[in-house]
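The residues making up each chain are set out below.
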Amino acid sequence: MMERMKQYKARASRRYTAAELTGLFFTFSVLGWLWEVALHIVFDGELVNRGTMLGPWLPIYGAGGVLAVLLLRRFADRPAAVFALGTALCSVIEFSAGRYLEAVYGLRWWDYSMYPLNIDGLVCAQTSLVFGLGCCAAVYLAAPALAERFARLPRMQARQCCVLLLTLFALDFGWSAANPNAGAGVTDYSVQQAAHADGTFSVIDVAHAASAVHGLPK
């Protein structure tokens, strides 16, 4: 057991190439999109494209994952530090992104106001702790394993994939910056809150509380 932990820590402290980081960004972005869409189906019973963009990716997951890998790998020999710093990092990213989106578009793509220990409804203890665990998974498990797979690709093929993905992402980002994805199941949190202004909760609200972690932006 101790030997395996040493192996995980050694792999987690490795360096990553630009191509590997690009692959990690898009992998985490797509996994984040799948995670949120799946949770919305389970708890709300409908298929919704979560996030501000058109494509099947949530860049906040990609950026958060890559930053966690880059900034926290130096603490790989201290899992508790990775968890604590990952929790703080995700809280800062989520709060900053929420403030930016609300300032620019006047909308909220998530709201934790009904949950305890929240800050302006943009971050809360439950999600921050879950994403702290996610950072540990990214640093120790996902990033090293994925990077090893990316490294097996022929260099030219890897470059072509990176260029294609970055081009598609840039086009989507440019379009979505002017025409963000919004509407029912995406930015209708003010409607949901108004419906329960009297302080009552329904079964659906309980389900939302249980799935607080699917409130990330995108």
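Everything here concerns the structure above.
The shown structure was predicted, so the numbers you read here are calculated from the model rather than taken from an experiment.

Undergrad: Even after reading the chapter, I still don't get the pattern of salt bridges, so can you show me in this structure?
TA: Oppositely charged side chains are able to pair whenever their charged atoms sit close together. Scanning all chains against the criterion turns up 7 salt bridges. Salt-bridge contacts for arginine 99 lead to glutamate 102; the nearest nitrogen and oxygen are separated by 3.8 Å. Taken together, the residues arginine 99 and glutamate 102, both in helix α4 (residues 79-105) and 3 residues apart, mark about one turn of the helix. Residue arginine 99 is classed as partly exposed on the basis of its relative accessible area, which comes to 34%. Using a relative accessible area of 29% as the deciding quantity, one classes glutamate 102 as partly exposed.

Undergrad: It is not clear to me how unusual backbone geometry should be interpreted in this structure. Could you clarify?
TA: Trans peptide bonds make up the majority, and among non-glycine residues the majority have a negative phi. Within the chain, leucine 117 stands out as a residue other than glycine whose phi angle is a positive 55°. Position of leucine 117 among the secondary structure elements: in the loop between α4 and β1 (118-119). The backbone of aspartate 120 sits at a positive phi, close to 55°, despite the residue not being glycine. Mapped onto the fold, aspartate 120 is located in the loop between β1 and β2 (123-124). A relative accessible area of 41% places aspartate 120 in the partly exposed class.

Undergrad: Sorry if this is basic, but what is going on with helix α3 (residues 59-72) here?
TA: Structural remark: α-helix, 3.6 residues per turn; residues separated by three or four positions point the same way. Between its first and last C-alpha atoms α3 spans 19 Å; for 14 residues at 1.5 Å apiece the expected length is 20 Å, and the two agree. Taken across its 14 residues, α3 has 10 buried, putting it largely inside the fold. Among the residues of α3, Pro59, Ile60, Tyr61, Gly62, Gly64, Gly65, Val66, Ala68, Val69 and Leu72 are the ones counted as buried. Where the residues of α3 are buried, they touch α2 (18-44), α4, α5 (125-151) and α6 (155-178).

Undergrad: I would appreciate a short explanation of α2 in the present structure.
TA: Along its 27 residues, α2 runs 38 Å from first to last C-alpha, staying within 8% of the 39 Å computed at 1.5 Å per residue. Residue glycine 45 follows α2 closely and has a positive phi angle near 70°.

Undergrad: What should I look at first to understand the nonpolar core in this one?
TA: Side chains of a nonpolar character, in soluble globular proteins, are inclined to be buried together. Counting residues in each nonpolar core, the largest one holds 18 residues, and the members touching the most others are Leu72, Val82, Val139 and Tyr140. Contributions of two or more residues to this core are made by α2, α3, α4 and α5. Ranked by the residues each element gives to this core, the list is headed by α5, at 5 residues. Setting aside chain neighbours within four positions, we find valine 139 in contact with Ala12, Ala68, Val69, Leu72, Arg73, Val82 and Pro144.

Cut-offs applied
- Residues numbered from 1 in each chain as written.
- Predicted model: local features only at pLDDT ≥ 70, side-chain atom pairs only at ≥ 80, totals over all residues.
- Heavy atoms only, no water.
- Salt bridge = Lys/Arg side-chain N within 4 Å of Asp/Glu carboxyl O.
- Helix = DSSP H or I, 4+ residues; strand = E, 2+ residues; numbered from the N terminus.
- Buried < 20%, exposed > 50% of the residue type's maximum accessible area, 1.4 Å probe, protein only.
- Expected span 1.5 Å × (residues − 1).
- Contact = heavy atoms within 4.5 Å.
- Core = buried A, V, L, I, M, F, W, Y, C linked by side-chain atoms within 4.5 Å.

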